[in-house]
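Per-entry structural report
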Amino acid sequence: MRGFLEDVGNMSNSEYLKAITNAQSIEELWDMHVKRMAIYGFDRLLYGFTRYRTTTSLGDPEDFVILTNHDPAYTDIFMGQQLYFHAPMVKWVLENEGACSWNILRKMMDSGTLTQSERKVIEFNVSMNVLAGYSISFKSISPRAKGAIALTARANISQDEIDEVWAKHGEEIIVMNNIAHLKIMTLPQSVPGRGLTKRQKEALEWVGDGKTTQDIALLMGLTPATVEKHLRLARDALNVETTAQAVLKAALQNQMFVIEA
């Protein structure tokens, strides 16, 4: 795997797209994507996706799909302390689709429309050398779902310089990120410490097929009480109240009907 990833930078665009569409795990895809974006000068990426957005919330942060190669010193504050909630570019991606240069931040600051909280986010980013870059807001088919990625340029690259790179390669960068996002949606996702066991997955799969507890007990060779235990533990692992919610959430996270590697 290591040798393959080292070759990512030497692939043609079509070879790279083929490679990420064949990725078998989010980790494998992310490693390739980080290396590929670095070619264009983006050395730090922050991808986020939620399926539980409402008019007042992005949902439970524990349910977010977050991928990043930023230093923990940055993410512990930006994500851990929910600084992102006041980030101007996060607001932009929630209200728009497509790509946006961070030069928009200059205009926001000059216009005097930023709140004090938004200015603090910008000041924090500057202190962490998150200075120039682009944000891509992915098109959603559901009002409750939203995905986006922040591409941060190397600290020695100015916004004007990365804008020049984008002028030449922006379309291919957008395509690569769109495909990476769509591929992520097909791969198994689980929150650390909240994954399902094989038995829990199997019980949920049978529920999804419309089987009763008695049916599942016969199919799995267990007692009904043991089946109920697996379903209860699955609900706990997924942090939901009902088995129907557990089936839906496990399906959305691609944790059910997955071919074991």
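Refer to the structure printed above.
Residues numbered from 1 in each chain as written. Predicted model: local features only at pLDDT ≥ 70, side-chain atom pairs only at ≥ 80, totals over all residues. Heavy atoms only, no water.

1. A closer look at the nonpolar core
- Core analysis: the biggest nonpolar cluster contains 37 residues, and Phe42, Tyr47 and Leu151 have the highest contact counts within it.
- Listing elements by their share of this core, those giving two or more residues are α2 (13-21), α3 (26-39), β1 (42-50), β2 (65-68), β4 (133-137), β5 (146-153) and α8 (159-184).
- Other than its neighbours up to four places away in sequence, Phe42 contacts Met37, Gly133, Tyr134, Leu151, Thr152, Ala153, Ile162, Trp166 and Ile173.
- Ranked by size, the runner-up nonpolar core spans 23 residues in total, among them Leu58, Trp92, Ile122 and Phe124. (Core = buried A, V, L, I, M, F, W, Y, C linked by side-chain atoms within 4.5 Å. Buried < 20%, exposed > 50% of the residue type's maximum accessible area, 1.4 Å probe, protein only. Helix = DSSP H or I, 4+ residues; strand = E, 2+ residues; numbered from the N terminus. Contact = heavy atoms within 4.5 Å.)

2. Some points on α2
- Regarding α2, the residues found buried are Tyr16, Leu17, Ala19 and Ile20. Looking straight down α2, one finds that the buried residues subtend no more than 160° of arc, so they occupy a single side. Those residues of α2 that are exposed and angled more than 90 degrees off the buried face are Ser14 and Lys18. (Arc of directions from axis to C-beta.)

3. A short note on the pattern of salt bridges
- Within this structure, the stated rule accounts for five salt bridges.
- For the salt bridge of Lys139 with Glu97, the shortest nitrogen-to-oxygen distance reads 3.5 Å. You can see Lys139 sitting in the loop between β4 and β5 and its partner Glu97 sitting in the loop between α5 (88-95) and β3 (98-101), a full 42 residues away along the chain.
- Between Glu202 and Arg199 there is a salt bridge, with the nearest N and O atoms lying 3.4 Å from each other. One end of the pair is Glu202 and the other is Arg199, both in helix α9 (residues 198-208) and three residues apart, which spans about a single turn. (Salt bridge = Lys/Arg side-chain N within 4 Å of Asp/Glu carboxyl O.)

4. Some details on the pairing of β5
- For β5, the buried fraction is high: eight of the eight residues fall into the buried class.
- As paired strands, β1 and β5 are joined by eight bridges and run antiparallel to one another. Within β5, the residue paired with Phe42 across the bridge is Ala153.
- Pairing geometry for β4 and β5, over five bridges, is antiparallel. Each residue of the ladder has a partner; that of Ser137, found in β5, is Ala148. (Pairing = 2+ DSSP bridges.)

5. Some points on the packing of aromatic side chains
- Under the defined criterion, the tally for this structure stands at six aromatic pairs.
- Between Phe42 and Trp166, the aromatic rings sit 6.2 Å apart at their centres with planes inclined by 80°, giving edge-to-face as the arrangement. Here the residue Phe42 occupies a position in strand β1, and Trp166 occupies one in helix α8, the gap between them amounting to 124 residues. No difference in accessibility class separates Phe42 from Trp166, as the two residues are buried.
- Ring centres of Tyr74 and Phe124 lie 5.4 Å apart, and the angle between their planes is 15°; on these two criteria the pair is classed as stacked. Residue Tyr74 is found in helix α4 (residues 72-78), and its partner Phe124 is found in helix α7 (residues 116-127); the two are separated by 50 residues along the sequence. Like Phe124, Tyr74 is buried.
- Ring-pair connections join several aromatic residues into one group, and the members of that group are Phe42, Tyr134 and Trp166. (Phe/Tyr/Trp six-rings, centres within 6.5 Å; stacked < 30°, edge-to-face > 60°.)

6. Quick word on helix α12 (residues 243-252)
- Listed as buried for α12 are Thr243, Ala246, Val247, Lys249 and Ala250.
- Where α12 is buried, its residues meet α9 and α11 (224-238).
- Directly after α12, the chain includes Asn254, whose backbone phi takes a positive value near 55°.

7. Details of the sheet that holds β3
- If you walk across this open sheet you meet the five strands as β2-β1-β5-β4-β3, and the pairing is antiparallel. A single partner strand is all that each edge strand has here, and the edge strands are β2 and β3. Strand after strand, the sheet turns through a mean of 10° between neighbouring axes, direction not considered.
- When β1 meets β2, the two strands line up antiparallel, connected through four bridges. Paired with Tyr47 across the strands is Leu67, a residue of β2.
- Together, β3, β4 and β5 form the strand contacts of α5, whose direction differs from that of β4 by roughly 30°.
- On the sheet, α8 packs against β1, β2, β3, β4 and β5 and is oriented at approximately 35° with respect to β4. (Axes fitted to C-alpha atoms, helices over the stretch in contact; angles between N-to-C directions.)

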